[in-house]
Structures are given as structure tokens and as C-alpha cells.
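Reading the structure
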Amino acid sequence: MAEKKGFFSRLAEGLTKTRDNIASGFDSIFKGFSSIDDDFYEELEEIMIMSDMGIDTTMSIIENLKKKVKEEKIKEPEECRQVLIESIKEQMKLGDEAYDFKDKKSVVLVIGVNGVGKTTSVGKMASLLKGEGRKVMMAAADTFRAGAIEQLKEWAARAGVDIISQAEGADPAAVVYDAVSAAKARNVDVLLCDTAGRLHNKKNLMDELKKINRIVEREYPEAYKETLIVLDGTTGQNALAQAKQFKEAADISGIILTKLDGTAKGGIAIAIQAELGIPVKYIGIGEQVDDLQPFDPDMFVNALFERGDE
């Protein structure tokens, strides 16, 4: 519990810029309006869109708010605050099966463009899963980025898990093939595969991901497949565009949202989940090994509005 509390306070601190962006605007609206009218809703919409929640998400939340205001016969703007917070939480709920991969023999492909914190996220996930008692192995299938293999080897040593790698420039699919064979032979619970974030062009990258997927399907059909895309929270709507591109090549089952500390665009966490229908499963708020944690929608929204970790 203390660890969760510590993460909450770091998360609340990391979301300061987003909170300043959203919460202060909400405060002025809830306190500044004497009645709930079209102008009130328009002002709310503007603040949410400006905080990178996205137009579709914002409209959905506002419609939900209007419905509840009518149903519950709410008259005072201030009374809308909690209704709005609950509406945002509803947008971000995780399904019961969100973390099923942890309890089965699974292969987790971690995808995303270079620079989003992909390799670091793989390392942190390995440490997190090992700490939960899973036998973890890594595959260094990002063979094109200079230093990626060495970086992952350092994380493997730090986390105390096995790693399968080949030389820089090797065929990523061959690395995954070797890793799958080793994972089966060593009775590994979770195989985490770091994949390339950039090749000569987008088509090459997408073809590479499809090839890796085919190998996993063919060589380890009984494994549970999880594909997590790593997105940089500081890039706002660009992160959403990246996810849409990767969705064409991979069956994405979850999102790792990194670098949420120090950005004013934390609202993107709400937009991505609502617009893509893909849940945020992990969030990163810093460089330390424990700065990547499973996503807790209630904790996130509470931290966003700094309502204490009740």
C-alpha cells in the first residue's frame, strides 16, 4: 500500500502541468458560472480539447455529463465537478482481462517508434513482472538501433532475467525465433520482445512486425499473445496518430504511456483510450525502475484533479 501511495504522490507531482492546464480552468468555470447553460458546456469543452483530450472524447464526456445533469436534476455548476470526474473515469475503465497475460505462458511484443522509451519500458516491465514472481525472459529484437541491444542487456542484468540476442543488424524475426525456442525450453512465464522502432520506411517496419507475429503464431501457438504499443505522453495528438499507424500492422492489446511527468498533455491518456478502444495498461512517470506501474484509472484521474489518494 505504501508503494502505491508513493507512486500516487509521484504521479500527482508528474501531472502538475496537465493539472494546471485542466483543473485551474475547471475551477474558474465551476466557480465562475451561476447556472448550467450552453456557455458553461462550451467553456468546459474548450478546456478539455486544449488539454489534448481530443474532440471525440470531449464530446462523449460532455454528452454523458448533460445526460446526468438532466437525470439527477443538478442545478449548480459546482455540483457538476464530481459527475464530470466520474464520467472521465468511466472512459478509462480497464476490462477484467486486461492483465491476463501475466497469469499464462505469454509472448509480449513491445512496439512503437524510436525515442518513446520502448527499450526502457521493456526493462522496467521485466523488473516489475519478476518482482511479482514471474519467470521472465527478454528478446532483443530491435537489432537496427545502435545501442539498443546493449541497453536491453543492461536492463536484463539489472532485473536478473535471461536475454536472447544476436549481433547488431541481425534479422529481428530470427531473434524472436530463438527466443521463443528458449522460452519454451526454460519454462518461461513471460517472454518480452523489444522490436524495431524504425526501418528504412514505414512499410518495412510494418512488414517486419507482421513477420515476427507469424513466427510467434507458428512456433508457439499455445502462448497467450499480448502486443503493447509504447507512446510518448509529451507528444499529445502525435501519439494518437502513431497508434493508428501501428494498429494497421499489429493487433494492439494495450498501451504503455511514458513520460507523463512534466508534460501539460497528460489528457492524451484519456483521448487515446477512448478514441482507439485500446486500454492504457501501464504508465511511466520517470527514469527509475519503479516509475512504470500498471495503470489505475481512478488513481490517474484523482491525481489529475489532485483529490487526494482516497
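In short, a report on the structure.

Here's the deal with the pattern of salt bridges
Evaluation of the coordinates by the stated rule reveals 20 salt bridges. The closest approach of N and O atoms between Arg134 and Asp103, which form a salt bridge, is 2.7 Å. Here Asp103 lies in the loop between α5 (80–91) and β1 (106–111) and Arg134 lies in the loop between α6 (118–131) and β2 (136–141), a separation of 31 residues in the sequence. By relative accessible area, Asp103 is classed as exposed at 60%. The salt bridge involving Lys118 is made with Asp194; its shortest N-O contact spans 3.2 Å. Residue Lys118 is located in helix α6, and its partner Asp194 is located in strand β4 (residues 190–195); the two are separated by 76 residues in the primary sequence. On the basis of relative accessibility, which here comes to 4%, the residue Lys118 falls in the buried class. Overlapping salt bridges, with partners in common, bring together Lys102, Asp103, Glu132 and Arg134 in one network.

Some thoughts on the packing of aromatic side chains
Aromatic ring pairs are described here by two measures, namely the spacing of the ring centres and the angle between the planes. Taken as a whole and judged by the stated rule, the model has six aromatic pairs. When the centroid spacing of 5.7 Å and the interplanar angle of 80° are considered together, the rings of Tyr99 and Tyr282 count as edge-to-face. Here the residue Tyr99 occupies a position in the loop between α5 and β1, and Tyr282 occupies one in strand β7 (residues 280–284), the gap between them amounting to 183 residues. A network of ring pairs unites the aromatic residues Phe26, Phe30, Phe33, Phe40 and Tyr41 as a single cluster. Over the face of the ring belonging to Tyr41 we find Lys66, whose NZ or CZ atom lies 5.1 Å from the ring centre. Arg158 extends its terminal NZ or CZ atom over the ring of Trp155, reaching a point 4.1 Å from the ring centre.

Focus on the sheet that holds strand β6 (residues 254–258)
Judged by pairing direction, the sheet is mixed, and its eight strands sit side by side in the order β3-β2-β4-β1-β5-β6-β7-β8 without closing on themselves. Whereas interior strands pair on both sides, the edge strands pair on one side only; in this sheet they are β3 (162–164) and β8 (292–294). For this sheet, the mean inter-axis angle between neighbouring strands, taken without regard to orientation, is 25°. As paired strands, strand β5 (residues 224–232) and β6 are joined by five bridges and run parallel to one another. Residue pairing for β6: Leu231 is matched across the bridge by Leu257.

Overview of the packing of helix α8 (residues 172–185) against helix α9 (residues 202–219)
Between α8 and α9, whose axes approach to 9 Å, the crossing angle comes to 25°. With respect to α9, the element α8 is oriented roughly parallel. The handedness of the crossing between α8 and α9 comes out as right-handed. Counting all contacts with α8, which are made through Pro172, Ala173, Val176, Tyr177, Val180 and Lys184, the residues of α9 involved are Glu208, Lys211, Ile212, Ile215, Val216, Arg218 and Glu219. Tallied by class, the residues present in the contact of α8 with α9 amount to eight nonpolar, no polar and five charged.

Some words on α9
The end-to-end C-alpha separation of α9 is 26 Å, in line with the 26 Å expected for 18 residues at 1.5 Å each. Here α9 has its buried residues at Leu205, Met206, Glu208, Leu209, Ile212, Ile215 and Val216. Buried positions along α9 lie against β1, α8, β4, β5 and α10 (237–247).

Topic: unusual backbone geometry
Positive phi values are uncommon outside glycine, yet Lys73 reaches one of about 50°. Locating Lys73 in the fold gives a position in the loop between α4 (55–71) and α5. Classification of Lys73 as exposed rests on a relative accessible area of 65%. Here the phi dihedral of Lys259 falls at roughly 60°; this positive angle occurs in a residue that is not glycine. Among the secondary structure elements, Lys259 is positioned in the loop between β6 and α11 (268–276).

Examining a nonpolar patch on the surface
A surface patch of nonpolar side chains, about 240 Å² in accessible area, is lined by Ile49, Ile55 and Met59. With respect to the secondary-structure elements, Met59 resides in helix α4. Taking relative accessible area as the criterion, Met59 reaches 33% and is therefore assigned partly exposed.

Thoughts on the environment of Val136
Mapped onto the fold, Val136 is located in strand β2. Overall, the relative accessible area of 6% leaves Val136 in the buried class. Sequence separation between Val136 and Asp189 is 53 residues, and the spatial gap between their C-alpha atoms is 6.0 Å.

Points about the nonpolar core
Counting 87 residues, the largest nonpolar core has Leu257 and Phe300 as its most contacted members. Every residue in contact with Leu257, bar those within four places of it in the chain, is listed here: Leu231, Gly233, Ile268, Ala269, Ile272, Val280, Tyr282, Ile283 and Gly284. Among the nonpolar cores identified, the runner-up in size contains 21 residues, and Val107, Ala173, Ala182 and Val216 belong to it.

The rules we used
Residues numbered from 1 in each chain as written. Predicted model: local features only at pLDDT ≥ 70, side-chain atom pairs only at ≥ 80, totals over all residues. Heavy atoms only, no water. Salt bridge = Lys/Arg side-chain N within 4 Å of Asp/Glu carboxyl O. Helix = DSSP H or I, 4+ residues; strand = E, 2+ residues; numbered from the N terminus. Buried < 20%, exposed > 50% of the residue type's maximum accessible area, 1.4 Å probe, protein only. Phe/Tyr/Trp six-rings, centres within 6.5 Å; stacked < 30°, edge-to-face > 60°. Lys NZ or Arg CZ within 6 Å of the ring centre and 35° of its normal. Pairing = 2+ DSSP bridges. Axes fitted to C-alpha atoms, helices over the stretch in contact; angles between N-to-C directions. Parallel < 35°, antiparallel > 145°, perpendicular 65-115°, else oblique. Left-handed = near helix turned anticlockwise from the far one by under 90°. Contact = heavy atoms within 4.5 Å. Nonpolar A, V, L, I, M, F, W, Y, C, P; charged D, E, K, R; others polar. Expected span 1.5 Å × (residues − 1). Patch = residues over 30% accessible without salt bridge, like charges linked within 9 Å, V, L, I, M, F, W, Y side chains within 5 Å. Areas by Shrake-Rupley, 256 points an atom, 1.4 Å probe, with all protein chains shown as cover. Core = buried A, V, L, I, M, F, W, Y, C linked by side-chain atoms within 4.5 Å.

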